[in-house]
Amino acid sequence: MNDYYDVLIIGGGPGGAMAGKTVAEAGLSCCIIEKRPAIGTPVRCAEGVGQEIFDFIDLDPKWVSAKIRGAELVAPNGQVIELGSKIAGNEVGYVLDRKMFDRELIWRAAKAGCEVYVKTRAVDAIREDGVVKGARVEYAGELRNISAKIVIAADGIESKFARWCGIDSTVPMNELETCVEYLMTDIDIDSSVNVFYLGNELAPEGYVWIFPKGERTANVGIGISGKKCRDGSRPKDYLDRFVQQKFPDGKIIELIVGGVSACRPLATTVADGLMIVGDAARVSDPLTGGGILNAMYTGKLAGAVASECIKEGDLTAAALKKYDVVWRESAMGKGIERNYQIKEIMIRLSDQKMNSILSSVQKLDLERIGTKEIVKELIKFNPWLLKEINSLKKILG
Ligand SMILES: Cc1cc2nc3c(=O)[nH]c(=O)nc-3n(C[C@H](O)[C@H](O)[C@H](O)COP(=O)(O)OP(=O)(O)OC[C@H]3O[C@@H](n4cnc5c(N)ncnc54)[C@H](O)[C@@H]3O)c2cc1C
């Protein structure tokens, strides 16, 4: 490990890997440090991605567990709404094998020339006069300072790097979805359909998911609002009740826990000498929790802007801001804002109102009409929804 790189990347997830590959391909020196001893494990993910995955990487069967052709929403009253490929968007595509996938991304970064060090943890930021100059790193039992022209914080949901650099990255408890997931086998499922169960009794301010991993095998998980977690009503308690009822004979062969942010992205994702990507930037989808592709997109973009700014010799926040502006104006950035507002409405709905909304969704030709028409039609069937939307507008400003 050198003492100096053009770009130092904290975190070896999809965001960090894409940033590293992009910077190395631009001919600059870079290094990814990952605190875990192995890339990709333990998996903390339901592993679902949409077709947009092909914007970043060619399909390779070695990291695909299942191809998904549709999604089903199950309303609190048990009514099933089938969603085809167009409207289900990100929920139609693939269920990955992230152990393999994350490694593949890192291998590609390494092949492009980016150095990678596992079991290497950033423990603090190095700053001079407020400018980020590198990171203090624990490597092979030793503490050392690694300097860099730009540091890219790709350290995921538990990100501390941005905070060390003076950026408030706190996720409010009520916007942190706490998740538990089982990998289950020996269960009756349609292995090409992702299923989502909604309802305040089942998963308050969240949902239960079944994402197939192959024949009779699936990730079965739950995310609920952190503020709803109490003794006897923790995510695992809800999930155990669901599994007991739905798959009483299924076998649990893996358990994971994790958090997903359901807040708006950070107010800024750049500072002098610093860029923040993926979950660390809070760019996962506030409605679905999906963040793999958003991490890949922001990682790649940050890598490109960092390389450009280094070549131009301007590492100021003003120069790096281009990254922040581009992702906020992208389809991803706009989608996050739209889904944040939908989520804010959803979490306020009683089960009865949710049933009513989902029942009218079933009457619409979702494949043919746009978002605005969908909202208009939903209001026609559920006039009370207009009041909910207007009061929400006042809250969100
Ligand atoms: C239960 C659950 C289910 C999910 N399901 C889906 C899904 O189906 N689809 C989807 O798209 N998304 C899903 N997500 C979200 C998805 O996993 C993340 O959005 C995605 O992994 C973000 O990528 P990232 O590179 O930003 O962060 P991460 O993948 O979290 O990578 C960050 C890396 O940084 C490392 N790190 C942290 N701190 C340091 C440090 N100080 N020094 C060095 N390394 C450090 C971590 O060990 C980690 O490897 C789910 C998340 C959870 C918890």
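Anyway, here's the lowdown on the structure attached to this text.

What counts, and at which threshold
Residues numbered from 1 in each chain as written. Predicted model: local features only at pLDDT ≥ 70, side-chain atom pairs only at ≥ 80, totals over all residues. Helix = DSSP H or I, 4+ residues; strand = E, 2+ residues; numbered from the N terminus. Buried ≥ 20, exposed ≤ 12 C-beta atoms within 10 Å, placed from the backbone. Near = placed C-beta within 6 Å. Nonpolar A, V, L, I, M, F, W, Y, C, P; charged D, E, K, R; others polar. Domains from an automatic or database assignment. Core = buried A, V, L, I, M, F, W, Y, C linked by C-beta atoms within 7 Å. Contact = placed C-beta atoms within 7 Å.

Some remarks on the environment of Glu25
Within the fold, Glu25 resides in helix 1 (residues 14–25). Given 18 C-beta atoms within a 10 Å radius, Glu25 is considered partly exposed.

Quick notes on the site of the ligand
In the neighbourhood of the ligand, 40 residues make up the surrounding shell, with Gly11, Gly13, Gly156, Gly278 and Gly291 lying closest. Among the secondary structure elements, those contributing two or more residues to the shell around the ligand are helix 1, strand 3 (48–50), strand 9 (120–128), strand 12 (176–185), strand 16 (251–261) and helix 6 (292–312). Taken together, the residues of the shell around the ligand sort by class into 15 nonpolar, 15 polar and ten charged. Split by domain, the shell around the ligand shows at least three residues from each of two domains, domain 1 (4–44 + 99–171 + 265–329) and domain 2 (56–96 + 172–261).

Remarks on the nonpolar core
Residues Val7, Ile152 and Met275 are the most contacted members of the largest nonpolar core, which totals 106 residues. The biggest single contributor to this core is helix 6, with eleven residues. Among the domains, domain 1 (4–44 + 99–171 + 265–329) and domain 2 (56–96 + 172–261) are the pair contributing at least three residues each to this core. Contacts of Ile152, omitting those with residues within four sequence positions, involve Val7, Ile9, Ala19, Met275, Val277, Ala302 and Ala306.

Concerning the environment of Ile10
Relative to the helices and strands, Ile10 resides in strand 1 (residues 4–10). Put simply, Ile10 and Leu183 are 173 residues apart on the chain and 29 Å apart in space, counted from C-alpha to C-alpha. Excluding residues within four positions of it along the chain, Ile10 makes contact with Ile33, Ala122, Ala135, Val151, Ala153, Ala154, Asp155 and Phe161.

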